[in-house]
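Structural overview for review
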Amino acid sequence: MSQRCAVFRADASIVMGSGHVMRCLTLAEALAAEGWQCRFITRLHRGHLVDWVRSRGFDVHCLPPPPSEAVAQTLGGAQASDDLESACTHESWLGVAWQDDAEATLDHLRSTCGETGPDLLVVDHYALDERWERVLANGVGAILCIDDLSDRRHHCALLLDQNLGRRAQDYDNLVPDGCLRMVGARYALLREEFRRWRGLSIERRQSCGYPGAARILVNLGGADPDNITGCVLSALAIADIDGETYVDIVLGPASPWRRRVEEQAAALPCRAAVSVGVNDMAQRMQQADVAIGAAGATTWERCCLGLPALVVAIADNQRLFLDRMATRGIACVAELASLERDILAFFDGIRRDPGLLYRMSERAAAEVDGLGADRVVAELTRTLPAAGLPERA
């Protein structure tokens, strides 16, 4: 049997962040370990991750940079007005008209994979929906959509939504009959390193009994265009934390605020260091006692390692699952509008309730076991022929 091929269509940018590309990269690595050939198609937005994906051993086809932000907004609005019922809330994030993107993607697939196309096209983009997917459908074996929002229709054989508390029925009338729905945090796509560090991380937390937060990890995502990191450091500067506390600050390679963050870190009344574009995040999470971070893919990474967290609610589309995390005691939530007050209250709560971090750690670790990528690959292997993908000689 010939080698199977998967192509990933995902973007990263200052606005979108890095999470879509990073979780696709995790799935690509899991498929590659099973003998698949994987490659990426991405648009050259400001803050793209082309070099990072290539450094992981995958070919990347780059679509041209979008026009100016103002033009991109006009394009998104114009397309939305053509079809209000199926328009994407985040359509302007694509940077071009969806028809142009679909045509460019299909042309590339035909030129590299022939008329039959790749066995699998993985689409992870808030700006794409069933209209784009229908254009691509006849040029690929099957389509897997990765989504978080359940806010638009998809034309796909498989759908993955790794949100905590998400239910398969949330996609009723949004996907075709017979679409395989992989839904819930048990399918969270985590790199192998998190599974490798999980046992040691949980064991350390159980043995120490959580006397306090001696090491704080601060990571607000790959781009952090509004410098939420800086706002967090301003709050930590006046928080009642021990002078021996160590603050481990991690910025993404696309962060525009590095110099300002380094100045704030140097002024903290405790030890602190700033790192950029790290490749040892699992180990840093294992060493940390508590994290202050963004929602998204890193949420599941922290859960896998049992790392208690104060999660900053940055986007409205994160509200549902953040509320569920808070209700279940998996993490605490801070609001942007009251960030300083919420951070101070969080550390005050740790002092008043010595068992708080330990309880959060246990509940977080119980939600995500690090095997999500394996489950997705197993479902793909089992389901693809039934979803219309022919066996290849």
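Source: prediction; values computed, not measured.

The element strand β5 (residues 142-146) is extensively covered by neighbouring structure, given that five of its five residues are classed as buried. Because side chains alternate across β5, one face comprises the buried residues Ala-142, Leu-144 and Ile-146, and the other comprises Ile-143 and Cys-145, equally buried. Pairing of strand β4 (residues 120-124) with β5 involves four bridges; the strand directions are parallel. Note that in β5 the partner of Leu-120 across the bridge is Ala-142. Considered for its hand, the β-α-β crossover made up of β4, helix α5 (residues 130-137) and β5 is right-handed. Pairing of β5 with strand β6 (residues 158-161), which is carried by three bridges, proceeds in the parallel orientation. Of the residues in β6, the one forming a bridge with Ile-146 is Leu-160.

Going through the model one piece at a time under the given rule, you end up with five aromatic pairs. Ring geometry for Phe-8 against Phe-40: centres 4.9 Å apart, planes inclined by 15°, an arrangement best described as stacked. In this pair, Phe-8 sits in strand β1 (residues 5-10) while Phe-40 sits in strand β2 (residues 37-43), placing the two residues 32 residues apart along the sequence. Each member of the pair, Phe-8 together with Phe-40, is buried. Here a set of aromatic residues connected by ring pairs shows up, and it is made of Phe-8, Phe-40 and Phe-58. Across from the ring centre of Tyr-187, 5.2 Å away, lies the NZ or CZ of Arg-186, which sits over that ring.

The next point concerns the nonpolar core. Within the largest apolar cluster, 37 residues are counted, with the highest numbers of intra-cluster contacts made by Phe-8, Leu-31, Phe-40, Leu-120, Leu-144 and Leu-158. Ranked by residues supplied to this core, first place goes to helix α1 (residues 19-33) with eight residues. Once residues lying within four places of it in the same chain are set aside, the contact partners of Leu-158 are Leu-120, Ala-142, Ile-143, Leu-144, Cys-145, Cys-179, Leu-180, Met-182, Leu-380, Thr-383 and Leu-384. Grouped together as the second largest cluster of nonpolar side chains are 32 residues, Ala-235, Ile-241, Leu-310 and Leu-357 included.

Unoccupied space between atoms shows up once a probe the size of one water molecule is rolled over them. For the structure shown, the criterion picks out two cavities of 30 Å³ or more. Counted as a void, the largest cavity has a volume near 50 Å³. Lining the largest cavity are Ala-10, Val-21, Phe-40, Thr-42, Leu-49, Val-50, Val-53 and Val-60. Put simply, the parts of the chain that give the lining of the largest cavity at least two residues each are β2 and α2 (50-55). Class assignment of the residues belonging to the lining of the largest cavity gives a composition of seven nonpolar, one polar and no charged. As a volume, the second largest cavity reaches approximately 40 Å³. At the level of elements, α10 (297-304) and β12 (309-313) are the ones that each hand at least two residues to the lining of the second largest cavity. Each residue belonging to the lining of the second largest cavity can be placed in one class, and the counts come to seven nonpolar, one polar and one charged.

Taken together, the seven strands give an open sheet; going across it, the order is β3-β2-β1-β4-β5-β6-β7, and neighbouring strands pair in parallel fashion. Either end of the sheet is taken by a strand with one partner, and the two such strands are β3 (59-63) and β7 (180-183). When strand polarity is set aside, the average angle formed by the axes of neighbouring strands in this sheet is 20°. Taken together, the five bridges between β1 and β2 define a ladder with parallel strand orientation. Residue pairing for β2: Phe-8 is matched across the bridge by Phe-40. Against the sheet, helix α4 (residues 98-113) touches β1, β2 and β3, its axis set at about 150° to β2. Its contacts with the sheet put helix α14 (residues 372-383) on β4, β5, β6 and β7, and the angle it makes with β7 is roughly 170°.

Per-residue pLDDT for the protein averages 89, and the proportion of residues at 70 or more is 92%. Across residues 69-86, where pLDDT falls below 50, the model places 23 contacts with residues more than four positions away in sequence or in other chains. Note that pLDDT drops below 50 for residues 389-393; the model gives that stretch 16 contacts with residues more than four away or on any other chain.

Across all of its chains, the model carries 31 salt bridges by this definition. Among the ionic pairs, Glu-367 bridges to Arg-328, the shortest N-O distance being 3.2 Å. Of the two residues, Glu-367 sits in helix α13 (residues 356-367) while Arg-328 sits in helix α11 (residues 319-328), which places them 39 residues apart along the sequence. Overall, the relative accessible area of 24% leaves Glu-367 in the partly exposed class. Of the residues examined, Arg-328 reaches a relative accessible area of 41% and is grouped as partly exposed. One network of salt bridges, in which partners are shared, links Arg-9, Asp-11, Arg-43 and Asp-101.

Attention now goes to the sheet that holds strand β10 (residues 271-276). Across the sheet, which stays open at both edges, the six strands sit in the order β10-β9-β8-β11-β12-β13 with parallel pairing between neighbours. A single partner strand is all that each edge strand has here, and the edge strands are β10 and β13 (332-335). Pairwise comparison of adjacent strand axes, ignoring direction, gives a mean angle of 20° for this sheet. Where strand β11 (residues 290-294) and β12 come together, four bridges link them in parallel fashion. From the neighbouring strand, Ile-292 faces β12, where its bridge partner is Leu-310. Packing against the sheet, helix α7 (residues 228-238) makes contact with β8 (215-219), β9 (246-251), β11 and β12, and its axis sits at approximately 170° to β9. Along the sheet face, helix α8 (residues 258-267) touches β9 and β10 and points at about 165° away from the line of β10.

What counts and how
- Residues numbered from 1 in each chain as written.
- Predicted model: local features only at pLDDT ≥ 70, side-chain atom pairs only at ≥ 80, totals over all residues.
- Heavy atoms only, no water.
- Buried < 20%, exposed > 50% of the residue type's maximum accessible area, 1.4 Å probe, protein only.
- Helix = DSSP H or I, 4+ residues; strand = E, 2+ residues; numbered from the N terminus.
- Pairing = 2+ DSSP bridges.
- Right-handed = clockwise from strand over helix to strand, strands pointing away.
- Phe/Tyr/Trp six-rings, centres within 6.5 Å; stacked < 30°, edge-to-face > 60°.
- Lys NZ or Arg CZ within 6 Å of the ring centre and 35° of its normal.
- Core = buried A, V, L, I, M, F, W, Y, C linked by side-chain atoms within 4.5 Å.
- Contact = heavy atoms within 4.5 Å.
- 1 Å grid on protein atoms, 1.4 Å probe; cavity = no way out; pocket = protein on both sides within 12 Å on 5 of 7 lines; lining within 4 Å.
- Points joined across faces, edges and corners; volume = space filled by probe spheres on them.
- Nonpolar A, V, L, I, M, F, W, Y, C, P; charged D, E, K, R; others polar.
- Axes fitted to C-alpha atoms, helices over the stretch in contact; angles between N-to-C directions.
- pLDDT = per-residue confidence, 0-100.
- Salt bridge = Lys/Arg side-chain N within 4 Å of Asp/Glu carboxyl O.

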